[in-house]
Amino acid sequence: SIVDHTEIHLMIQANPDARFVEENQPGLFLRKNMRPAPFGFNCSEGDFGVDLNRNFPFKWSEPGASDYPYDQTYHGAGPGSEPEIQAILTALD
């Protein structure tokens, strides 16, 4: 079977800071981490952070990702710029 010849990795939690906020403020449904907004951007609470799903180096900044930190789909300052993504990439390397 495929499981006999495939290595499987489970990543149970990849956004611990947002999870902590959601556990203490139920109903927020945060998709971004808690990185403060870059200098010069005034993001309202809940709009700052980086969408970790769009921060991976593979196809970074493709359509569907935003350059603006206040958007829910903000891809971050650069490919793999977030520590959460760096940890995942290191674990899979």
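Above: the structure in question.
Nothing here was measured: the structure is a model prediction, and the numbers come from that model.

Colleague: Would you take a moment to explain the overall build of the protein chain for this structure?
Modeller: The helix and strand inventory of the protein chain stands at two helices and zero strands. A principal-axis box enclosing the C-alpha atoms of the protein chain has dimensions of 50 × 30 × 20 Å. A total of 93 residues make up the protein chain; the buried ones form 24% of that total. Residue pairs in contact within the protein chain that sit at least 24 positions apart in sequence constitute 41% of those at least 6 positions apart. When the accessible surface of the protein chain is totalled, it reaches about 6,700 Å², and 57% of it is carbon and sulfur. Across the protein chain, 6 positive and 14 negative side-chain charges occur, with their mean positions spaced 4 Å apart.

Colleague: I would appreciate a short explanation of the environment of Met 34 in the present structure.
Modeller: Within the secondary structure, Met 34 sits in the loop between α1 (16-24) and α2 (83-92). Linking Met 34 and Asn 24, residues 10 residues apart in sequence, is a C-alpha distance of 14 Å. Dropping the residues within four chain positions of it, Met 34 is found in contact with Asp 17, Ala 18, Val 21 and Phe 48.

Colleague: Looking at this structure, how should I read unusual backbone geometry?
Modeller: Even without being a glycine, Lys 59 presents a positive backbone phi close to 60 degrees. With respect to the secondary-structure elements, Lys 59 resides in the loop between α1 and α2. Residues other than glycine seldom take positive phi values, yet Ser 61 does so here, at roughly 65 degrees.

Colleague: Honestly, the pattern of salt bridges in this entry has me stumped. Any pointers?
Modeller: Once the charged atoms of two side chains with opposite charge are near each other, the side chains can pair. The final tally for this structure, using the stated rule, is four salt bridges. Its salt-bridge partner being Arg 31, residue Asp 51 comes within 2.9 Å of it at the nearest N-O pair. Residue Asp 51 is located in the loop between α1 and α2, and its partner Arg 31 is located in the loop between α1 and α2; the two are separated by 20 residues in the primary sequence. Of the residues examined, Arg 31 reaches a relative accessible area of 36% and is grouped as partly exposed. Across the salt bridge formed by Arg 54 and Asp 51, the nearest N and O atoms sit 2.6 Å from each other. Its relative accessible area of 26% is what places Arg 54 among the partly exposed residues. It is possible to trace a salt-bridge network through shared partners that takes in Arg 31, Asp 51 and Arg 54.

Definitions and limits used
- Residues numbered from 1 in each chain as written.
- Predicted model: local features only at pLDDT ≥ 70, side-chain atom pairs only at ≥ 80, totals over all residues.
- Heavy atoms only, no water.
- Helix = DSSP H or I, 4+ residues; strand = E, 2+ residues; numbered from the N terminus.
- Buried < 20%, exposed > 50% of the residue type's maximum accessible area, 1.4 Å probe, protein only.
- Contact = heavy atoms within 4.5 Å.
- Areas by Shrake-Rupley, 256 points an atom, 1.4 Å probe, with all protein chains shown as cover.
- Lys, Arg positive; Asp, Glu negative; His and termini not counted.
- Charge placed at Lys NZ, Arg CZ, Asp CG, Glu CD.
- Salt bridge = Lys/Arg side-chain N within 4 Å of Asp/Glu carboxyl O.

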